Amino acid sequence: MALKRRNKVNAAFSMSSMTDIVFLLLIFFMVTSTLVAPNALKLLLPQSNNQTAAKPITTISVTKELRYYINDDGRLRSIEFREIEPFLQNRYGIGDDDIYISLHAEKSVPWDEVVKIMNIARKNKYKMIAATAPES
């Protein structure tokens, strides 16, 4: 009587569970990356408990070192003060009732620097929104 043993080890590896994990990780990182705020500047804003419902089309940020940044389609771009007005005019033209710009000025920025940006907005008929931090 010839008995054969069937103890052969199958060396095949199933990749289906590995691909499931990779797709789940891909979806996870895609969802979490959209939650990250595009503005990476850490500004110490003045505090207020008032809010506005207007949606700004862009933001202008001023640091305490008087560096200016503008939100250029989701990218934060460093800009000189003299380039702010031509940039806004080229991008948005002369304003109408629908153009709101958010101004993020740090607490320690001199008031006259804030007024200069507000004058640019007034001259081009843009509406300016002052960004503030919530009161604690």
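What counts, and where the lines are drawn
- Counting restarts for each chain, with residues numbered from 1 along the sequence as it is written.
- Given that the model is predicted, a residue must reach a pLDDT of at least 70 before its local features are reported, and side-chain atom pairs must reach 80 or more before they are shown or counted; all residues, however, enter totals for whole chains, interfaces and linings.
- Values shown for side chains rest on all heavy atoms present in the structure; no hydrogens or waters enter the calculation.
- Lines are fitted to the C-alpha atoms to define the axes, a helix being fitted only along its stretch in contact, and any angle between axes, read from their N-to-C directions, falls within 0 to 180 degrees.
- For the purposes of this entry, the term helix denotes a DSSP run of H or I that reaches at least four residues, the term strand denotes a run of E that reaches at least two, and both are numbered from the N terminus.
- The labels follow the angle: roughly parallel below 35 degrees, roughly antiparallel above 145, roughly perpendicular from 65 to 115, and oblique for the rest.
- Each crossing gets its hand from how the near helix is turned against the far one by less than a right angle, where anticlockwise is left-handed and clockwise is right-handed.
- Contacts are residue-level and defined by heavy atoms, with any inter-residue pair within 4.5 Å sufficient.
- Side-chain classes are defined by residue name, with Ala, Val, Leu, Ile, Met, Phe, Trp, Tyr, Cys and Pro counting as nonpolar, Asp, Glu, Lys and Arg as charged, and the others, Gly among them, as polar.
- What is meant by a nonpolar core is a set of buried Ala, Val, Leu, Ile, Met, Phe, Trp, Tyr and Cys residues, joined one to another through side-chain atoms within 4.5 Å.
- A 1.4 Å probe rolled over the protein chains alone gives each residue an accessible area, and that area as a share of the maximum for its type sets the label: buried under 20%, exposed over 50%, partly exposed in between.
- Within this document, salt bridges are pairs made up of a side-chain nitrogen of Lys or Arg and a carboxyl oxygen of Asp or Glu, the two lying within 4 Å of each other.

In this section: the packing of helix 2 (residues 81–92) against helix 3 (residues 111–123). Where helix 2 meets helix 3, the closest approach of the two axes is 11 Å, and the angle between their N-to-C directions is 20°. With respect to helix 3, the axis of helix 2 lies roughly parallel. Here helix 2 runs over helix 3; the crossing is right-handed. On helix 3, the residues that touch Phe81, Ile84, Glu85 and Leu88 of helix 2 are Lys116, Ile117, Ile120 and Lys123. Residues that form the contact of helix 2 with helix 3 fall into these classes: five nonpolar, no polar and three charged.

Ile60, Val62, Ile84 and Leu88 are the most contacted members of the largest nonpolar core, which has 18 residues in total. Contributing elements (two or more residues each) for this core: strand 2 (58–62), strand 3 (68–72), helix 2, strand 5 (100–105) and helix 3. With four residues, helix 3 is the largest single contributor of residues to this core. With residues near it in sequence (within four places) discarded, Leu88 still touches Thr58, Ile60, Ile70, Gly93, Ile101, Ile120 and Tyr126.

Glancing now at the pattern of salt bridges. Taken as a whole and judged by the stated rule, the model has eight salt bridges. In this structure, a network of salt bridges that share partners links the residues Asp72, Asp73, Arg75, Arg77 and Arg91.

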